[in-house]
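Single-letter residue listing:
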Amino acid sequence: KWKPIGSPMVVILCLSARRAVAVLKDLASFKIRAAKLFAKHMEIEQQKEMIENQAFGLAVATPNRLKILSEPEEKGGKAPIYFGKTQLILLDSHVNQKGFTVCTLPDTAPDTMSLLAKKVLPQLKQRKDIKIAFF
């Protein structure tokens, strides 16, 4: 059982809320409690409260929502989600009907790259136990 609050063991970054729901449906048979971090599921305040009060081994997110949740509300404050204990960042390489992925869609690519550059790469430099993968 995963214990660190605010730092899921695995984060799956999806192209859209619809794709995130499909991924969660595929993972349902594993009976893993997952944080659902995308716009269509909950309001951002509810997600912040959930993350700050419970530990999740898995988080399924869209880039924009994860970026928002990984930034502190106030300068010098603590972000609801951080990657200090996270072990795996999975970038969903599902191609949508228009031929885009989470890394190529104009709506998600900037947030994905910003998140990787500002939050994940510093962790890669500090620790040996965090990995980035495509699936």
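It should be noted that the structure appears before, not after, this text.
Below is a summary of the structure that appears in this document. Here the structure is a predicted model, which means the values were calculated and not measured.

## Here's the deal with the layout of surface pockets
Here's step 1: Of the pockets and cavities examined, the largest pocket occupies roughly 530 Å³.
Here's step 2: Along the walls of the largest pocket sit 19 residues, with Leu15, Ser16, Ala17, Arg18 and Arg19 positioned nearest its centre.
Here's step 3: A per-class count over the lining of the largest pocket returns seven nonpolar, seven polar and five charged.

## Observations concerning helix H1 (residues 17–27)
Here's step 1: For H1, every residue scored as buried is listed here: Ala17, Arg19, Ala20, Val23 and Leu24. One side of H1 carries all its buried residues, which in axial view fall inside an arc of 155°. Away from the buried face of H1 by more than 90 degrees, exposed residues Arg18, Lys25 and Asp26 are located.
Here's step 2: Of the surrounding elements, those touching the buried residues of H1 are strand E1 (10–13), strand E2 (34–37) and strand E3 (58–61).

## Re the packing of aromatic side chains
Two aromatic rings, taken as a pair, are described by how far apart their centres are and by the angle between their planes.
Here's step 1: With the rule as written, the count across this model stands at zero aromatic pairs.
Here's step 2: The ring of Phe56 has Arg33 lying over it, and the distance from NZ or CZ to the ring centre is 4.8 Å.

## A few points about helix H2 (residues 44–53)
Here's step 1: Where H2 is concerned, the buried positions are Gln47, Lys48, Met50 and Ile51. One side of H2 carries all its buried residues, which in axial view fall inside an arc of 165°. Facing away from the buried side of H2 by over 90 degrees, the exposed positions are Glu45, Glu49 and Asn53.
Here's step 2: Looking at the buried side of H2, the elements it contacts are E2 and helix H3 (63–69).

## Looking at the pattern of salt bridges
Once their charged atoms are close, side chains differing in charge can pair, the charge on each being opposite to the other.
Here's step 1: Applying the stated criterion across every chain yields a total of five salt bridges.
Here's step 2: Salt-bridge contacts for Asp92 lead to Arg19; the nearest nitrogen and oxygen are separated by 2.6 Å. On the criterion of sequence distance, the pair formed by Asp92 in the loop between strand E4 (88–91) and helix H4 (109–126) and Arg19 in helix H1 is long-range, its members being 73 residues apart. Here Asp92 matches Arg19 in class, with each residue buried.
Here's step 3: A salt bridge links Asp129 to Arg127, with the shortest nitrogen-to-oxygen separation between them at 2.8 Å.

## Concerning a nonpolar patch on the surface
Here's step 1: Nonpolar side chains collect at one region of the surface, where Leu121, Leu124 and Ile132 lie side by side and expose about 210 Å² of accessible area between them.
Here's step 2: As for its position among the elements, Leu121 is in helix H4.
Here's step 3: Of the residues examined, Leu121 reaches a relative accessible area of 39% and is grouped as partly exposed.

Parameters and conventions
Each residue is numbered by its place in its chain's sequence as written, counting from 1. Totals for whole chains, interfaces and linings use all residues, but because this is a predicted model, local features are given only for residues with pLDDT of at least 70 and pairs of side-chain atoms are given and counted only at 80 or more. Values reported for side chains reflect all heavy atoms of the structure, with hydrogen atoms and water molecules removed beforehand. Throughout, the protein atoms alone are placed on a 1 Å grid, and a set of points is a cavity if a 1.4 Å probe fits but cannot get out or a pocket if it is open with protein on both sides within 12 Å along at least five of seven lines; lining residues have an atom within 4 Å of a point. Grid points are joined across faces, edges and corners, and a volume is the space filled by probe spheres set on the points. Three categories are distinguished: nonpolar for Ala, Val, Leu, Ile, Met, Phe, Trp, Tyr, Cys and Pro, charged for Asp, Glu, Lys and Arg, and polar for the others, with Gly belonging to the last. Accessibility here uses a 1.4 Å probe with only protein chains present; expressed as a share of the type maximum, an area under 20% marks a residue as buried, one over 50% as exposed, and anything in between as partly exposed. We count a stretch as a helix when DSSP gives it H or I for four or more residues in a row; a strand needs E for two or more, and each element gets its number in order from the N terminus. To obtain the arc, one takes the directions from the helix axis to the C-beta atoms. Contacts are residue-level and defined by heavy atoms, with any inter-residue pair within 4.5 Å sufficient. Note on aromatic contacts: the rings of Phe and Tyr and the six-membered ring of Trp form a pair at centre separations within 6.5 Å, being stacked when their planes are under 30 degrees apart, edge-to-face when over 60 apart, and tilted otherwise. Each ring is checked for a lysine NZ or an arginine CZ that lies within 6 Å of its centre and within 35 degrees of its normal; such an atom marks a charge sitting over the ring. Within this document, salt bridges are pairs made up of a side-chain nitrogen of Lys or Arg and a carboxyl oxygen of Asp or Glu, the two lying within 4 Å of each other. Two distance rules govern patches: like charges are joined within 9 Å, and nonpolar side chains (Val, Leu, Ile, Met, Phe, Trp, Tyr) within 5 Å, applied only to residues with over 30% relative accessible area and no salt bridge. Accessible areas in this description were obtained via Shrake-Rupley with a 1.4 Å probe; residue shielding takes into account the shown protein chains only.

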